[in-house]
Amino acid sequence: MASGVKIVDDVKQIFSNVSINSSSKKSEKLKFGIFKFTDDLTQIIPETCGSKKTENWEYDNLIQNLLPANDVRYVAYDFEFLKMDGTPSSKVILISWCPETSPIKKKMLCASSFNALKAALGSPEKYLEGDCCSERVATSSMQGLQTGPAFIHV
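Residues numbered from 1 in each chain as written. Predicted model: local features only at pLDDT ≥ 70, side-chain atom pairs only at ≥ 80, totals over all residues. Heavy atoms only, no water.

- Per an unreviewed UniProt entry, the protein chain goes by ADF-H domain-containing protein and derives from Elysia crispata.
- Its UniProt record, at the heading Sequence similarities (unreviewed entry), says of the protein chain: "Belongs to the actin-binding proteins ADF family." (UniProt positions renumbered as here; feature names shortened; annotations may be inferred.)

Next up, the structure:
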């Protein structure tokens, strides 16, 4: 909480539901969760989430249609892909979405809160930071998954 922003428990619960094994019967497996700042910029709260059962949430569709072009967000996403040998795999990625056209105060808050969010969520293994609408496609994100945590345009 270096930035002074509180991460509400619902954010942690949604991330947990994105991360759970799909065979778990305790909670519904989520495909993604999107988080935002409250209007007073004091908390990170859930904005929306989606289940794999209700819709086919392909990465490109989710990123291009649900992330605002002029505001910051964080996204937890269960990214499914094929490994080089053709076997299916998935990784839960945490995305910091901070477009260049966002208000400067929110961009600063987004950057300063990302490490605290990662720590609160148990330090996700894979994370991406994006700022450009024109390149937020799965191929860019896949490169980030292969090379580990990195800054890429998603």
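Describing the state of the cysteines
Point 1. As enumerated under the stated definition, the model contains zero disulfides in all.
Point 2. Of all cysteine sulfurs in the structure, the one in Cys110 sits closest to Cys98, which takes part in no disulfide; the separation is 4.4 Å.
Point 3. On the accessibility criterion, Cys98 (17% relative accessible area) is buried.
Point 4. Note on Cys110: relative accessible area 0%, which makes it buried. (Disulfide = S-S within 2.5 Å. Buried < 20%, exposed > 50% of the residue type's maximum accessible area, 1.4 Å probe, protein only.)

Structural notes on the nonpolar core
Point 1. Residues Val11, Phe35, Phe37, Ile44, Tyr74 and Leu117 are the most contacted members of the largest nonpolar core, which totals 22 residues.
Point 2. Going through the elements one at a time, helix 1 (9-19), strand 2 (30-37), strand 4 (73-82) and helix 3 (104-120) are the ones with two or more residues in this core.
Point 3. Formed by 14 residues, the second largest nonpolar core is a distinct cluster that contains Phe79, Ile93, Ile95 and Leu128. (Core = buried A, V, L, I, M, F, W, Y, C linked by side-chain atoms within 4.5 Å. Helix = DSSP H or I, 4+ residues; strand = E, 2+ residues; numbered from the N terminus.)

Here's the deal with the pairing of strand 4
Point 1. Of all 10 residues in strand 4, eight are buried, a share of seventy percent or more.
Point 2. Pairing between strand 2 and strand 4: four bridges, direction antiparallel. Paired with Phe35 across the bridge in strand 4 is Tyr74.
Point 3. Bridging between strand 4 and strand 5 (residues 88-97) involves 10 bridges; their strand directions are antiparallel. Residue pairing for strand 5: Asp78 is matched across the bridge by Val92.
Point 4. Connecting the antiparallel pair strand 4 and strand 5 is a turn made up of five residues, with Gly86 showing a positive phi of about 90 degrees. (Pairing = 2+ DSSP bridges.)

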